[in-house]
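Below are the chains, spelled out letter by letter.
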Protein chains: 2
Amino acid sequence: MILTVTLNTALDITYRVPALRTHAAHRVSEVTERPGGKGLNVARVLAALGHEVTVTGFTGGATGRVVQEQLSAVAGVVDALVPVAGATRRTIAVVDDRTGDTTQLNEPGPTVTSAEWAAFQEVYGELLPSVSAVALCGSLPPGVPVGAYAGLIRTARAAGVPVLLDTSGEPLRRGVAARPDVVKPNTEELAELTGSHEPVRGAMDARRRGAHAVVASLGADGLFAVTPEGRWRATPPTRVRGNPTGAGDSAVAGLLSGLAEHLPWPDRLARAVALSTASVLAPVAGEFVRSVYEELLDGVAVTGEASAA
Amino acid sequence: MILTVTLNTALDITYRVPALRTHAAHRVSEVTERPGGKGLNVARVLAALGHEVTVTGFTGGATGRVVQEQLSAVAGVVDALVPVAGATRRTIAVVDDRTGDTTQLNEPGPTVTSAEWAAFQEVYGELLPSVSAVALCGSLPPGVPVGAYAGLIRTARAAGVPVLLDTSGEPLRRGVAARPDVVKPNTEELAELTGSHEPVRGAMDARRRGAHAVVASLGADGLFAVTPEGRWRATPPTRVRGNPTGAGDSAVAGLLSGLAEHLPWPDRLARAVALSTASVLAPVAGEFVRSVYEELLDGVAVTGEASAA
């Protein structure tokens, strides 16, 4: 069982409109709704790969009920979300059919009380003994302390569970200091953390700050990993055009499943890059085109070297 | 008991954003939600005036449940909405804090099946014997026949219940031919119905087409009524600036309450104009500023004359 944590869960709503103009009225031609928030996307990809996944984080209000209803329809995903009094946030992506551009409206999310945060930590502690790996994903909702991920990392490590962190800003900075097994920043997040815009230097610096392994995502160019076992660069065989939202979540799912299966790093990285590329071709985050994933898996070029033992 | 019919109910969501730009991501600073659709706004104003109101129409999905939860908190409103398999629509008003402009995104609403339409008609027929007046309000959702209001008017008249119609386009044209007691078009709707851009001529023409009384709303200039009892013009004592959304619904509530209380036409019109003006000062449709309403009520100028008996 793999555990993903999404403290700021969402219902991701997509509206298609013929042409979006400010200060005008629009009739929406198509409405789609999906459970959202990075950790829920990671969980859906893991489930599609055949893993059993438990999701936790917060859920509240009518929107939280919709998220839970939709999750209950995903085979392989167990819902361990913790109720809060506030309402789960909606995110609305308005897609302009004429230009293909997306305009995004994100609700702030519920304010989590200290009692709710304590209840979450208790559930998290109870789940850890039965999981093989845990991913901590995304932003923190209002009310959750900025050092939240650092605390959750220490708890996981004390329980002997490997932990991956995918967040940004101050929660990332504090989380890295708590010595997570893997962090997966993109180049911007890595630069914000370390001050270095050069991924190799940034990744080495992030390791010095506490992360055991750093996997930097380079967008369409693949991944770069600096780990105790060696350094590797993984590059997709082709570039694809599509929807990059959720590509990072698919990469996390690839890394996490490889970690849970004790794959060597080059195999984890190849899986993460193939999944990430195949998810760009899927219309929504948390999904990927399986035939493309399977075709790409052998074609990902992984170069680098293992450390001297 | 007054009955309002809202076939295309909605959850009206308002988002405040610092500045709306297309093809950008926005953090919503404030979210408010209200039951929406013209008939539900009319019902909330009637309830605030102390009337017992039953609301019917359709409700479906998670959004329908939110609408019903919020309605259950309004004293004096009885929920007789009919369930449908599709989901009640959301409307999203994005208010730009910098300019005050609103950008509107309206979901299409559920497609109503013929079995669901038949179930609604049965509920409507069962409610009529216990009501003193009925208002048919707003647009028709997909699947409901364009002659829907005409049929509901005939049923109400057969039951001896006075009926007010507030809609537009072809549903208004067909509805007028079924001889409703009152129609309340704005000047555009009246022009579309009759071809005349002159409200007095338009109102007289609408009466010839079947409406017993025509109350044309002239926006900030008040109301103009052509009825079997006479013709009147009602003008507010002052012009106010604010949110005109829902002003027409407040006017309908004023006319309908006056009808149910058997007030003479000039008193009905004064109430409708005072309510309508007081609702422009309220932030959302379905509400009005009571102190302003009470202050304006004696100041509305009603001019005109009763017909010779």
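All figures in this text were calculated on a predicted structure; none of them were measured in a lab.

Undergrad: Help me understand the overall build of chain A in this model?
TA: Helices and strands together make up the secondary structure of chain A, namely 10 helices and 16 strands. Against the 2.2 N^0.38 benchmark of 19 Å for 309 residues, chain A shows a C-alpha radius of gyration of 19 Å, consistent with a compact globule. Each of the three principal axes of chain A carries a C-alpha extent, and together these read 65 × 45 × 40 Å. The burial tally for chain A puts 54% of its 309 residues in the buried class. Across chain A, contacts joining residues at least 24 apart in sequence account for 66% of those joining residues at least 6 apart. In the form shown here, chain A has an accessible surface area of approximately 12,400 Å², with 50% of it arising from carbon and sulfur atoms. In chain A, the 27 positive side-chain charges and the 31 negative ones have mean positions that sit 5 Å from each other.

Undergrad: Would you take a moment to explain the interface of chain B and chain A for this structure?
TA: How large an interface is tends to be reported as the accessible area lost when its parts come together. Each partner contributes residues to the interface: chain B has 29 residues there, and chain A has 29 residues. In total, chain B and chain A occlude about 2,500 Å² of area from one another, counting both sides; carbon and sulfur atoms represent 55% of this. For the chain B face of the interface with chain A, the top three residues by lost area are H23(B), R90(B) and L105(B), together amounting to 21%. Counting across the interface, chain B meets chain A through 4 salt bridges. In this structure, E33(A) and R90(B) form a salt bridge, with 2.4 Å as the shortest nitrogen-oxygen distance. Residue assignment for the side of chain B that touches chain A shows that the elements contributing at least two residues are β2 (10-17), β3 (25-27), β4 (30-36), α2 (61-72), β8 (89-96) and β9 (102-106) of chain B. The biggest single contributor to the side of chain B that touches chain A is β9(B), with 5 residues. The residue makeup of the side of chain B that touches chain A, split by class, is 14 nonpolar, 7 polar and 8 charged. The pairing of strand β9 (residues 102-106) of chain A with β3(B) spans 3 bridges and is classified as parallel. The residue of β3(B) that forms the bridge with Q104(A) is A25(B).

Undergrad: Is there a simple way to think about the packing of helix α1 (residues 38-48) of chain B against helix α8 (residues 247-260) of chain B in this case?
TA: Residues and elements named next belong to chain B. Interhelical geometry of α1 versus α8 gives an angle of 55° and a closest axis separation of 8 Å. Our classification of the angle between α1 and α8 gives oblique. The handedness of the crossing between α1 and α8 comes out as right-handed. Across from K38, N41, V42, V45 and L46 in α1, the residues of α8 making contact are D249, S250, V252, A253, L256 and S257. Partitioning the contact of α1 with α8 into residue classes produces 6 nonpolar, 3 polar and 2 charged.

Undergrad: I keep staring at the packing of α8(B) against helix α9 (residues 265-280) of chain B and nothing clicks. Help me out?
TA: Helices that pack against each other are described as a pair by the angle of their axes relative to one another and the distance between those axes. All names here are of chain B. With their axes 7 Å apart at the nearest point, α8 and α9 run at an angle of 150° to one another. Comparing their axes, α9 and α8 come out roughly antiparallel. Handedness of the α8/α9 crossing: right-handed. Together, A247, S250, A251, A253, G254, L255, S257, G258 and L259 of α8 and W265, R268, L269, R271, A272, L275, S276, S279 and V280 of α9 make up the contact between the two elements. Here the contact of α8 with α9 is composed, by residue class, of 10 nonpolar, 6 polar and 2 charged.

Undergrad: Explanation requested: the relation of the copies chain B and chain A in the structure shown.
TA: Put simply, the second copy of the chain is the first one after a rotation about an axis and a shift along it. Rotating chain B by 179° about the axis while translating it 0.0 Å along that axis superimposes it on chain A, leaving an RMSD of 0.0 Å. What the rotation and shift describe, once combined, is the action of a two-fold rotation axis. With an isologous cut-off of 70% or more, the 100% of interface residues of chain B that recur at the interface of chain A puts this contact in the isologous class.

Undergrad: What is the right way to read the side chain of Q104(A) from this model?
TA: Along the chain, Q104(A) falls in strand β9. A polar contact is formed between the side chain of Q104(A) and the side chain of N106(A), at a distance of 3.0 Å. Not counting chain neighbours up to four residues away, the residues in contact with Q104(A) comprise T91(A), I92(A), A93(A), A24(B), A25(B) and H26(B).

Undergrad: Can you walk me through the nonpolar core in this structure?
TA: A general feature of soluble globular proteins is that nonpolar side chains tend to end up buried together. Counting residues in hydrophobic clusters, the biggest one holds 109 residues, and the most contacted among them are L105(A), L256(A), L269(A), L105(B), L256(B) and L269(B). Ignoring sequence-local partners within four residues, the contact set of L105(B) consists of Y15(A), V17(A), L20(A), H26(A), V28(A), V94(A), L105(A), R90(B), T91(B) and I92(B).

Reading the values: rules and limits
- Residues numbered from 1 in each chain as written.
- Chains lettered and ligands numbered in written order.
- Predicted model: local features only at pLDDT ≥ 70, side-chain atom pairs only at ≥ 80, totals over all residues.
- Heavy atoms only, no water.
- Helix = DSSP H or I, 4+ residues; strand = E, 2+ residues; numbered from the N terminus.
- Rg over C-alpha atoms; globule rule 2.2 N^0.38 Å.
- Buried < 20%, exposed > 50% of the residue type's maximum accessible area, 1.4 Å probe, protein only.
- Contact = heavy atoms within 4.5 Å.
- Areas by Shrake-Rupley, 256 points an atom, 1.4 Å probe, with all protein chains shown as cover.
- Lys, Arg positive; Asp, Glu negative; His and termini not counted.
- Charge placed at Lys NZ, Arg CZ, Asp CG, Glu CD.
- Buried area = accessible area lost by both parts, 1.4 Å probe.
- Salt bridge = Lys/Arg side-chain N within 4 Å of Asp/Glu carboxyl O.
- Nonpolar A, V, L, I, M, F, W, Y, C, P; charged D, E, K, R; others polar.
- Pairing = 2+ DSSP bridges.
- Axes fitted to C-alpha atoms, helices over the stretch in contact; angles between N-to-C directions.
- Parallel < 35°, antiparallel > 145°, perpendicular 65-115°, else oblique.
- Left-handed = near helix turned anticlockwise from the far one by under 90°.
- Least-squares fit on C-alpha atoms with pLDDT ≥ 70 in both.
- Polar contact = N/O pair within 3.5 Å; in protein donor to acceptor, adjacent residues only side chain to side chain.
- Core = buried A, V, L, I, M, F, W, Y, C linked by side-chain atoms within 4.5 Å.

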